Amino acid sequence: MSAVVGQRVDRRKLLIGSASVVAAASFPLTMYGAAASIREFNLKAAPARLPIVGTPYPATNVWCYNGHIPGPELRIPQGQPVRITVENKLAEDTTVHWHGIRLPIAMDGVPGLTQPPIGPGQSFTYAFTPPDAGTFWYHPHANSLQQLGRGMAGALIVEESEPVAVDRDVLWMLTDWRLRSNTQIASGFGNPMDAAMSGRVGNTVTLNGAVSHGEPVRAGERIRLRLVNGALARIMALRFEGHRPVVVAIDGQPCDPHEVDGGRLLLGPAMRIDVMLDMQGEPGRRYRVVDDFYDGLAYRLTELVYEKRPPVRKQPLDAPITLPLNQVLEPDLATAERHELKLQGGMMGGGAMAGMGGMSGMGMPGMDHGASWAINGTSMTGDGHAGMPPLLALQQGRSHVLTMRNDTAWWHPMHLHGHSFRVLSRNSVPVPHRQWADTVLIPPKETVDIAFVADNPGDWMLHCHVADHQMSGMMTILRIA
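Nothing here was measured: the structure is a model prediction, and the numbers come from that model.

Quick notes on the rules
Within every chain, residues take consecutive numbers counted from 1 along the sequence as written. Per-residue local features are limited, in this predicted model, to residues with pLDDT of at least 70; the limit for side-chain atom pairs, both in listing and counting, is 80 or more; totals at the level of whole chains, interfaces and linings are taken over all residues. Only hydrogens and water are set aside when side-chain values are computed; all heavy atoms of the structure are taken into account. Only DSSP runs of H or I with at least four residues qualify as helices, and only runs of E with at least two residues qualify as strands; both kinds are numbered from the N terminus onward. The buried label applies to any residue whose accessible area, calculated with a 1.4 Å probe on protein chains only, is under 20% of its type's maximum; exposed applies above 50%, and partly exposed to all values in between. Only the protein chains shown count as cover for residues, with accessible areas throughout obtained via the Shrake-Rupley method and a probe of 1.4 Å. Strands pair, by our definition, only if DSSP identifies at least two bridges between them. Throughout, an axis means a line fitted to C-alpha atoms (over the contacting stretch in the case of helices), and angles, computed between N-to-C directions, take values from 0 to 180 degrees. Pairing of N or O atoms within 3.5 Å defines a polar contact, subject to two protein rules: one partner must be a possible hydrogen donor and the other a possible acceptor, and residues neighboring in sequence count only if both atoms are side-chain atoms. Should a side-chain nitrogen of Lys or Arg be within 4 Å of a carboxyl oxygen of Asp or Glu, the pair is scored as a salt bridge. In what follows, residue pairs with any heavy atoms lying within 4.5 Å of each other are defined as contacts. Only protein atoms enter the calculation, which uses a 1 Å grid: trapped sets of points that fit a 1.4 Å probe without letting it out are cavities, open sets showing protein on both sides within 12 Å along at least five of seven lines are pockets, and any residue with an atom within 4 Å of a point is a lining residue. Grid points are joined across faces, edges and corners, and a volume is the space filled by probe spheres set on the points. When residues are sorted by character, Ala, Val, Leu, Ile, Met, Phe, Trp, Tyr, Cys and Pro go into the nonpolar class, Asp, Glu, Lys and Arg into the charged class, and all the rest, Gly among them, into the polar class. Per residue, pLDDT captures the predictor's confidence, and it can take any value from 0 to 100.

Quick look at the overall build of the protein
- Tallying secondary structure elements over the protein gives 3 helices and 34 strands in all.
- Here the protein holds 481 residues, and the buried ones make up 58% of them.
- In the form shown here, the protein has an accessible surface area of approximately 18,300 Å², with 52% of it arising from carbon and sulfur atoms.

Right under this line is the structure:
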């Protein structure tokens, strides 16, 4: 089975006005020496028609940036200020969230909370200086379920000050689609069953905007492979047949290089993993890359297709693979304030629907009418709006430990805006390899402890990055002041 998943594919039928705000970065350029020149980019959000499935199937009507899926790959050096002007050619409001970037609150892209939405025909200029090198991405935070689900996403790569010793630096942006038999996007965004269960998992997965039948490689080369899960809800577990990927960064932050147990790279929605991949296969052979997260639904994402030329080198490249650390403050666990967050709601194992506006009689105190999910008994629905009350008020400069308990029957990739956090433990077992993240995947009935220094003031969103879960209640605000 190929990357069109969920059902067997037949050859004839496929299952298918805001003002411009320019804010100074909250991280001074003096961290990196003299001020650098400003890098300018332009993004145009608009409908398009693109052949994401490929021949012989018709093109798909999508929404995207600059006429491409994914949107332009924005690459900038670490510490260089950027100005990115977003022009809205959609028939509805939009914004852009710069996922994983530690930036000023006014640049975070949450409509109503951090900026007015960008109306149809309007534009907005985002200005910030990324302090961290790593793999990040951008996507809408207005009507995000449809806008992201129709293709609006791209990668923002911040390059290290000193080049990393690899032969190639490669991005795989993975996207999940729910397509009809005519290759058009299925309607039904936000239906109650998706919202209360696993979210809108599609039947087709693309790599860099198209169903992939093979990715060319050459024996002996070393590739830095940047994996980005841009799906609405699909969790991925990638296995590289005949290869041993070494994880060197998670969510843009370097970690101790390591191979994962069983060679299975687990990527929840919005998560990123950088791996070093030494191509030790045979010239002329093909090696499968398989996603087998869902029981009984494994499929071939792509294949590593080796050129027939002789190897670049006989032995793996003799160069370090450890990435230079970013300047993220280490939390002081001895003095940290501690908080507990309970993730609640959803369709439960016994068939009851918690928090569905009284449909099951199990609505939780403080939950909005029609919400499916809650954090500590309170739901915040939608994409963000003015006046959202904070769940926690955190003192700036203090270290904080959040214990997140998943009391639901479903997986939740929990994303904190504007910060990177240290992943301390899972079910009280310490997490190895010095792992930092901005999105942590929490399995059902499990607990994760994270820690961070509240060094970035503002009202920051914390939410599940399964878009249906966020939109239907699993979202809250942490106020840092």
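Structure's up, so let's keep going.
Some thoughts on the sheet that holds strand E34 (residues 475-480)
- The 5 strands lie next to each other as E24-E34-E32-E26-E30, forming an open sheet whose pairing is mixed. Pairing within the sheet leaves two strands with one partner each, and these edge strands are strand E24 (392-394) and strand E30 (439-442). The average undirected angle you get between the axes of adjacent strands in this sheet is 25 degrees.

Quick word on the side chain of aspartate 468
- Inspection of the secondary structure assignment puts aspartate 468 in helix H3 (residues 467-471).
- At 2.9 Å, the side chain of aspartate 468 forms a polar contact with the backbone nitrogen of arginine 200.

Observations concerning the pattern of salt bridges
- The tally for this structure, following the rule as stated, stands at 29 salt bridges.
- Among the ionic pairs, arginine 434 bridges to aspartate 256, the shortest N-O distance being 3.2 Å. Note that arginine 434 is positioned in the loop between strand E28 (429-430) and strand E29 (436-437) and aspartate 256 in strand E15 (residues 253-258), a separation of 178 residues in sequence.
- Judged by relative accessible area, which is 32%, aspartate 256 ranks as partly exposed.
- A single network of salt bridges, built from pairs that share partners, joins Glu73, Arg75, Glu159, Glu160, Asp169, Arg224, Arg226 and Asp274.

Observations regarding the environment of valine 290
- Structurally, the position occupied by valine 290 is in strand E18 (residues 286-291).
- In this structure valine 290 comes out as buried when scored by relative accessible area, which is 13%.
- Residues valine 290 and glutamate 241, spaced 49 residues apart in sequence, show a C-alpha to C-alpha distance of 7.8 Å.
- What valine 290 contacts, discounting residues up to four positions off in sequence, is Ala237, Leu238, Arg239, Ala298, Tyr299 and Leu301.

Some words on the layout of surface pockets
- A volume near 740 Å³ is recorded for the largest pocket.
- Those elements that provide at least two residues to the lining of the largest pocket are strand E14 (246-250), strand E16 (264-267), strand E27 (421-426), E29 and E30.
- The residue inventory of the lining of the largest pocket, partitioned by class, reads 16 nonpolar, 4 polar and 5 charged.

A word on unusual backbone geometry
- Looking along the chain, the bond that leaves threonine 55 and enters proline 56 is cis, with omega of 5 degrees.
- Tracing the sequence through the fold places proline 56 in the loop between strand E1 (39-50) and strand E2 (60-65).
- Put simply, isoleucine 69 and proline 70 share a cis peptide bond, and its omega is -10 degrees.
- Looking at where proline 70 falls in the secondary structure, it is placed in the loop between E2 and strand E3 (74-77).
- Phi is positive for asparagine 66, close to 55 degrees, though the residue is something other than glycine.
- Along the chain, asparagine 66 falls in the loop between E2 and E3.
- Located in the positive-phi region is asparagine 143, a residue other than glycine, with phi close to 45 degrees.
- Residue position: asparagine 143 is located in the loop between strand E7 (134-139) and helix H1 (144-149).

Some details on the pairing of strand E9 (residues 168-177)
- Burial of E9 is extensive: 8 of the 10 residues sit out of reach of the surface.
- Here E9 runs beside strand E12 (residues 222-229); their pairing, made up of 7 bridges, is parallel. Among the inter-strand pairings, aspartate 169 is bridged to a residue of E12, identified as arginine 224.
- Relative to strand E10 (residues 204-207), E9 is paired through 4 bridges, and the arrangement is antiparallel. The partner of aspartate 176 across the bridge, within E10, is valine 205.

A few points about the confidence of the model for the protein
- On average, the protein scores 90 in pLDDT, and the residues at 70 or more come to 88%.
- Contacts of residues 6-34 to residues separated by more than four positions or lying in other chains number 73 contacts, the stretch itself having pLDDT below 50.
- Within the model, the stretch residues 349-369 combines pLDDT values under 50 with 48 contacts to residues more than four positions away or in other chains.

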